[in-house]
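# Structure at a glance
Spelled out, the chains give:
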2 protein chains.
Amino acid sequence: MAGAPESNLAAVVHTSQGDYRALVGRGLIAHLGDEARNAGLRGKAFLIADEAVFRVCVRQVQESMEAAGFETHVLVLQSGETTKNLDKIRDIYAWLARLRAERQDVVLAVGGGVMGDAAGFAAATYRRGVPFIQVPTTLASMVDASLGGKVAVNLPEGKNLVGAFHQPKLVLSDIDTLKTLPDREMAAGWAEAIKHGLIMDPELLSTFETEADRLLGLKDDLAVDVIRRSVGIKAKVVSSDEFETGDTRVLLNYGHTIGHALESVSEYGQFLHGEAVSIGMMGAARICRDLGLISDELIDRQRALLERYKLPTSAPGMDVNAVFEATKSDKKSAGGVIRWVVLEGSGKSSTRNDVPDDIVRSAIASLVGFRN
Amino acid sequence: MAGAPESNLAAVVHTSQGDYRALVGRGLIAHLGDEARNAGLRGKAFLIADEAVFRVCVRQVQESMEAAGFETHVLVLQSGETTKNLDKIRDIYAWLARLRAERQDVVLAVGGGVMGDAAGFAAATYRRGVPFIQVPTTLASMVDASLGGKVAVNLPEGKNLVGAFHQPKLVLSDIDTLKTLPDREMAAGWAEAIKHGLIMDPELLSTFETEADRLLGLKDDLAVDVIRRSVGIKAKVVSSDEFETGDTRVLLNYGHTIGHALESVSEYGQFLHGEAVSIGMMGAARICRDLGLISDELIDRQRALLERYKLPTSAPGMDVNAVFEATKSDKKSAGGVIRWVVLEGSGKSSTRNDVPDDIVRSAIASLVGFRN
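Residues numbered from 1 in each chain as written. Chains lettered and ligands numbered in written order. Predicted model: local features only at pLDDT ≥ 70, side-chain atom pairs only at ≥ 80, totals over all residues. Heavy atoms only, no water.

## Side note on the domain arrangement of chain A
Residue and element names in this part refer to chain A. Applicable threshold: Residue ranges assigned to each domain were obtained from an automatic or database domain assignment. Contact definition: two residues touch when any of their heavy atoms are within 4.5 Å. Here the quantity called buried area is the total loss of accessible area, with a 1.4 Å probe, experienced by two parts when brought into contact, counted for both. When a carboxyl oxygen of Asp or Glu lies within 4 Å of a side-chain nitrogen of Lys or Arg, that pair is called a salt bridge. A 3.5 Å cut-off defines polar contacts: any pair of N or O atoms within that distance qualifies, except that in protein one atom must be a possible hydrogen donor and the other a possible acceptor, and neighbouring residues in sequence count only when both atoms are side-chain atoms. Here a helix means four or more residues in a row that DSSP labels H or I, a strand means two or more in a row labelled E, and each is numbered from the N terminus.
Entries for chain A in the domain assignment read domain 1 (6–178) and domain 2 (187–368). Distance from the C-alpha centre of domain 1 to the C-alpha centre of domain 2: 26 Å. Contacts between domain 1 and domain 2 engage 29 residues on the former and 29 residues on the latter. In this assembly, domain 1 packs against domain 2 so that about 2,400 Å² is buried in total across both faces, 62% of it on carbon and sulfur atoms. Linking domain 1 with domain 2 are 4 salt bridges, by the criterion used here. Counting across the interface, domain 1 meets domain 2 through 11 residue pairs in polar contact (both at pLDDT 80 or more). Secondary structure elements with two or more residues in the side of domain 1 that touches domain 2: β1 (9–13), β2 (20–25), α5 (139–145) and β8 (158–165).

If you want it as structure tokens, here you go:
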């Protein structure tokens with residue numbers, strides 16, 4: 001079948017479970033069914049949609065799949081980080097089992113990162129794994145969460161403690177679905193896209209700086225190109241380091257150690273993930289400067305850029321000790337040592353596991369308002 | 001480190017997640033810690049043991065790991081098919097999270113197939129997968145469940161509906177742990193071992209027939225050799241068809257379509273899995289004869305062999321219609337068609353998806369006492 005025009009292809013992601021296409025463009029949902037067929041999928045389609053997604057969009061997904069010959073079923077679930085738990089997974093299992101979903105059927109996640117994680121984990125484990133398609137409808141999910149096969153749910157004991165690597169068969173990002181996305185969520189998505197520039201693409205970083213006006217409204221085709229390029233970076237990284245056992249994929253966690261700590265201390269009620277990452281990147285940049293890796297000028301450049309994209313760069317009033325302690329339980333720690341992602345310049349990053357506690361404390365203090 | 005003598009090696013299993021050794025012998029637990037080191041494992045060891053396993057055996061496992069330098073923790077859980085559910089998995093997750101188990105730590109399952117499935121599924125999904133060792137202590141688990149990476153739990157809607165392919169780093173079967181195994185459980189294990197002979201090893205099948213006296217008591221070294229050979233067959237099959245997408249692994253389900261149906265209709269309270277498989281193999285053999293694939297003589301030979309190993313070969317009083325309907329929901333069905341594993345002779349098998357309903361009904365009727 002025809003599928004989407006090849007100009008929409010952001011990347012072909014290579015994985016041990018097979019290759020898949022990541023598409024970014026406008027009006028792509030119309031091609032979803034054909035793309036699913038081209039990816040070799042048959043059987044029934046089980047759509048799991050975030051209730052926050054507009055019904056007309058869910059209906060378009062359904063129509064596209066049906067036009068390509070898939071029988072479809074739809075489950076609409078409440079979303080949100082606090083509901084990304086095993087109870088939701090049980091609900092999905094029960095729905096799939098009741099409808100007798102089989103191994104060759106396909107689960108589609110329609111929504112943001114939380115929905116992709118939950119539906120993806122259910123798909124990873126129902127009947128030991130059924131095929132899975134990501135249809136991200138938030139910018140953050142398009143440029144980050146939907147790619148790379150990481151799926152997970154939270155335990156009372158911690159975030160994303162349970163999960164799997166379950167590679168999608170297709171990731172289709174239709175920019176038209178972003179029209180109705182709230183401003184705060186758009187900004188949170190830009191944080192991850194900008195992060196890709198900061199850690200490994202100086203040219204993309206520069207485009208974010210010089211073309212902010214054209215990008216922010218999403219009206220210009222440049223916005224689609226930039227999102228596609230950001231997706232391409234993530235795709236390249238996860239292709240080269242599928243299971244995060246190498247030294248590449250960890251770089252995507254720039255800003256995440258302090259970001260996760262901020263989310264944890266605020267009990268996931270105060271910041272969107274991208275907002276916490278934005279603040280975390282400011283903390284990380286400060287650490288880089290104190291390690292002698294970058295100049296004040298790059299810190300200021302990063303701050304101006306994040307603020308231009310309406311992102312927070314500080315967390316006034318947060319408890320320094322609590323945030324510091326929370327960094328210690330970051331899941332990227334191994335053997336008790338935290339692996340910090342550091343910038344070595346504009347668009348260049350690496351990791352360090354020898355960052356002194358006082359430098360970390362000082363960086364956190366600079367974020368919460370007690371500068372020293 | 002030294003590890004176990006190489007004469008105990010049943011097979012090296014090849015998987016997409018790496019190779020692992022399957023060992024079968026006497027007194028092997030003493031070598032467990034060294035074998036774990038040789039498999040590249042470090043970190044802490046989290047032992048999850050079935051409460052039915054003798055404490056002295058659990059203690060030996062712990063001592064062996066500690067002697068090789070692993071810090072150990074032990075969780076003893078109630079076992080049984082009816083408790084192989086998501087609640088048990090939650091308990092394991094909570095225990096691992098409380099003790100801050102990390103990605104490089106190792107989970108050991110000490111017990112039968114149920115414990116291997118539950119602990120294995122927890123290991124497959126905790127932090128997106130942690131290393132895992134199987135220490136089976138039942139014959140059924142040694143020759144079947146512990147090998148091949150299939151782990152699963154039951155849903156209210158069906159058995160093994162949730163699971164993963166999570167390959168162990170090592171499967172160590174110490175025949176000494178079978179000393180205290182109840183007779184019924186030993187027989188259930190022989191059912192799976194004999195099945196391996198029936199489907200693909202005429203010579204092994206013949207040994208089971210001619211050497212029953214030596215094998216049944218487990219006192220003779222021949223018993224260890226035969227178990228090792230049976231493990232080798234399973235290992236070869238799962239190496240060649242890791243994800244059951246080919247035509248080989250499905251052969252291991254000889255007797256399982258009717259077996260699963262018997263278990264389901266009796267609500268998992270009447271038969272051990274191996275017992276249901278034994279009866280199911282008699283039903284399957286009858287189907288093979290009615291399809292013109294084998295002679296009455298092979299059916300009789302199979303019956304005599306199973307009875308010699310104290311296995312049931314009929315299920316008097318079961319409801320034919322209920323069992324027949326239950327075969328339809330067997331998880332090996334694809335697109336609604338049941339894939340029957342059939343014998344084509346002694347030690348030779350294949351699959352058929354065109355078995356007429358009346359032949360299936362007639363085979364089931366022959367098992368429950370209404371011969372026609």
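Additional details are given in the paragraphs that follow.
## Some thoughts on helix α12 (residues 296–308) of chain B
All names here are of chain B. For clarity, the threshold we go by: Helices are assigned an expected span. That span is 1.5 Å times one less than the residue count. In this scheme, a residue with accessible area under 20% of its type's maximum is buried, one over 50% is exposed, and one in between is partly exposed, where area comes from a 1.4 Å probe on protein chains only. This arc is built from the directions going out from the helix axis to the C-beta atoms.
With 13 residues, α12 ought to run about 18 Å at 1.5 Å a step, and its terminal C-alpha atoms sit 18 Å apart, in line with that. For α12, the complete set of buried residues consists of L298, I299, Q302, L305 and L306. Down the axis of α12, the sector holding all buried residues measures 130 degrees, keeping them to one side. For α12, the secondary structure elements touched by its buried residues are α6 (183–200), α7 (202–210), α11 (273–290) and β10 (340–345). The positive-phi residue at the C-terminal boundary of α12 is K310, with phi of around 65 degrees.

## Here we look at the interface of chain B and chain A
Frequently, the measure chosen for interface size is the accessible area removed from exposure when the parts meet. What counts here: As a working rule, the residues Ala, Val, Leu, Ile, Met, Phe, Trp, Tyr, Cys and Pro are called nonpolar, Asp, Glu, Lys and Arg charged, and the rest polar, with Gly in that last group.
The partner chain A presents 35 residues to the 35 residues of chain B that form the contact. Each partner contributes to the roughly 2,800 Å² buried at the junction of chain B and chain A, and carbon and sulfur atoms together form 51% of this total. One salt bridge connects D87 of chain A with R90 of chain B, and the closest N-O pair in it is separated by 2.7 Å. Within the residue set of the side of chain B that touches chain A, elements represented by two or more residues are α3 (86–98), α4 (113–125), β7 (150–155) and β8 (158–165) of chain B. When its residues are assigned to classes, the side of chain B that touches chain A shows 15 nonpolar, 8 polar and 12 charged.

## Brief notes about the packing of α3 of chain B against α4 of chain B
Residues and elements named next belong to chain B. Note the cut-off: Geometry is summarised by axes, namely lines fitted to C-alpha atoms with helices restricted to the contacting stretch, and by angles between N-to-C directions that run from 0 to 180 degrees. Any angle between 65 and 115 degrees counts as roughly perpendicular, while under 35 counts as roughly parallel, over 145 as roughly antiparallel, and the rest as oblique. Handedness of a crossing follows from how the near helix is turned relative to the far one, being left-handed for an anticlockwise turn of less than a right angle and right-handed for a clockwise one.
Packing of α3 against α4 brings their axes to within 9 Å, and their N-to-C directions diverge by 55 degrees. In this view, α3 runs oblique relative to α4, as classed from their interaxial angle. The chirality of how α3 crosses α4 is right-handed. From α3, K88, I89, I92 and Y93 reach across to α4, where they touch A118, A119, F121, A122 and T125. For the contact of α3 with α4, the per-class residue count stands at 7 nonpolar, 1 polar and 1 charged.

## Brief notes about the environment of A276 of chain B
Residues and elements named next belong to chain B. Inspection of the secondary structure puts A276 in helix α11. Distance in space between the C-alpha atoms of A276 and G255 is 8.2 Å, their sequence separation being 21 residues. Apart from the residues within four sequence positions on either side, A276 is in contact with G255, G259, L262, E263 and F271.

## Some remarks on the pairing of strand β5 (residues 106–111) of chain A
Along any regular strand, the residues point their side chains to alternate faces of the sheet. Residues and elements named next belong to chain A. Rules: By this definition, two strands are paired if DSSP reports at least two bridges between them.
For β5, the buried fraction is high: 6 of the 6 residues fall into the buried class. Side chains V106, L108 and V110 project from β5 onto one buried face, and the interleaved V107, A109 and G111 project onto a second face that is buried too. As paired strands, strand β3 (residues 44–50) and β5 are joined by 5 bridges and run parallel to one another. Residue pairing across strands places F46 opposite V107, the latter belonging to β5.

## As for the relation of the copies chain B and chain A
Stated precisely, the cut-off is as follows: When the copies are superposed, the least-squares fit takes in the C-alpha atoms of residues with a pLDDT of at least 70 in both.
The two copies are related by a screw motion: chain B maps onto chain A through a turn of 180 degrees and a shift of 0.0 Å along the axis, at an RMSD of 0.0 Å. Taken together, these values place the two copies in the relation of a two-fold axis. No C-alpha of chain B lies nearer the rotation axis than that of S16 of chain B, which sits 4.0 Å from it. When the interface residues of chain B are mapped onto chain A, 100% of them again fall at the interface, so both copies present the same face.

## Section: the sheet that holds strand β6 (residues 132–136) of chain B
Residue and element names in this part refer to chain B. Pairing is mixed in the open sheet, where 7 strands are placed in the order β1-β2-β9-β6-β5-β3-β4. Two strands in the sheet have a free side with no partner beyond their single neighbour: β1 (9–13) and β4 (71–77). Sheet twist, expressed as the average angle between the axes of neighbouring strands with direction ignored, equals 15 degrees. Sheet analysis places strand β3 (residues 44–50) next to β4, joined by 7 bridges and oriented parallel. Bridged to A49 within β4 is V76. Contacts between helix α2 (residues 55–67) and the sheet are confined to β3, β4, β5 (106–111) and β6, with β4 contributing the most and set at about 160 degrees to the helix. Packed onto the sheet, helix α9 (residues 221–240) meets β1 and β2 (20–25) and runs at close to 10 degrees relative to β1.

## Observations concerning the pattern of salt bridges
Charged atoms that come close allow side chains of opposite charge to pair. Enumeration over the complete set of coordinates arrives at 50 salt bridges over all chains. Note that E211 of chain A is salt-bridged to R214 of chain A, the shortest N-O span being 3.5 Å. You can call R214 of chain A partly exposed: its relative accessible area is 39%. Where K159 of chain B meets E263 of chain B, a salt bridge forms, and the shortest distance between an N and an O atom there is 3.7 Å.

## What about the sheet that holds β2 of chain A?
All names here are of chain A. In spatial order, the strands read β1-β2-β9-β6-β5-β3-β4; together these 7 strands make up an open sheet with mixed pairing. Every other strand in the sheet has two partners, leaving β1 and β4 (71–77) as the edge strands with one partner each. Going across the sheet, the axis of each strand differs from the next one's by a mean of 15 degrees, ignoring polarity. Set on the sheet, helix α3 (residues 86–98) makes contact with β3, β4 and β5; between it and β4 the angle comes to about 155 degrees.

## Examining the packing of aromatic side chains
Residue and element names in this part refer to chain A. Heads up, the condition is: What counts as a ring pair is set by centres within 6.5 Å for rings of Phe, Tyr and Trp (its six-membered ring), and what kind of pair is set by the plane angle: stacked under 30 degrees, edge-to-face over 60, tilted for all other angles.
Under the defined criterion, the tally for this structure stands at 10 aromatic pairs over all chains. Ring geometry for F165 versus F243: centroids 5.1 Å apart, planes at 80 degrees, classification edge-to-face. Here F165, found in strand β8, pairs with F243, found in the loop between α9 (221–240) and α10 (256–265); they are 78 residues apart in sequence, far enough to count as distant. For F243, a relative accessible area of 36% gives the class partly exposed. Judged by centre distance (5.7 Å) and plane angle (85 degrees), the ring pair of F208 and Y309 falls under edge-to-face. With F208 in helix α7 (residues 202–210) and Y309 in the loop between α12 (296–308) and α13 (320–328), this pair connects stretches of sequence that are 101 residues apart. Of the two residues examined, F208 and Y309, each falls in the buried class.

## A short note on the environment of F70 of chain A
Residues and elements named next belong to chain A. When you line up the elements, F70 lands in the loop between α2 (55–67) and β4. According to the relative accessible area criterion, F70 is buried, its value standing at 2%. The sequence separation of F70 and G33 amounts to 37 residues, and the corresponding C-alpha distance is 7.8 Å. Beyond its immediate chain neighbours, meaning those up to four positions away, F70 contacts G33, A36, R37, L41, R42, G43, A45, M65 and V106.

## Things to note about the side chain of S230 of chain A
Tracing the backbone through its elements, the reader meets S230 of chain A in helix α9. Dropping the residues within four chain positions of it, S230 of chain A is found in contact with V143, A193, H196 and L204 of chain A.

## As for the pairing of strand β9 (residues 170–174) of chain B
All names here are of chain B. Burial within β9 is extensive, with 5 of its 5 residues counted as buried. Burial along β9 is two-sided: the face carrying L170, L172 and D174 and the face carrying V171 and S173 are both buried. Pairing analysis gives 2 bridges linking β6 to β9, with the strands arranged parallel. Each residue of the ladder has a partner; that of I133, found in β9, is L170.

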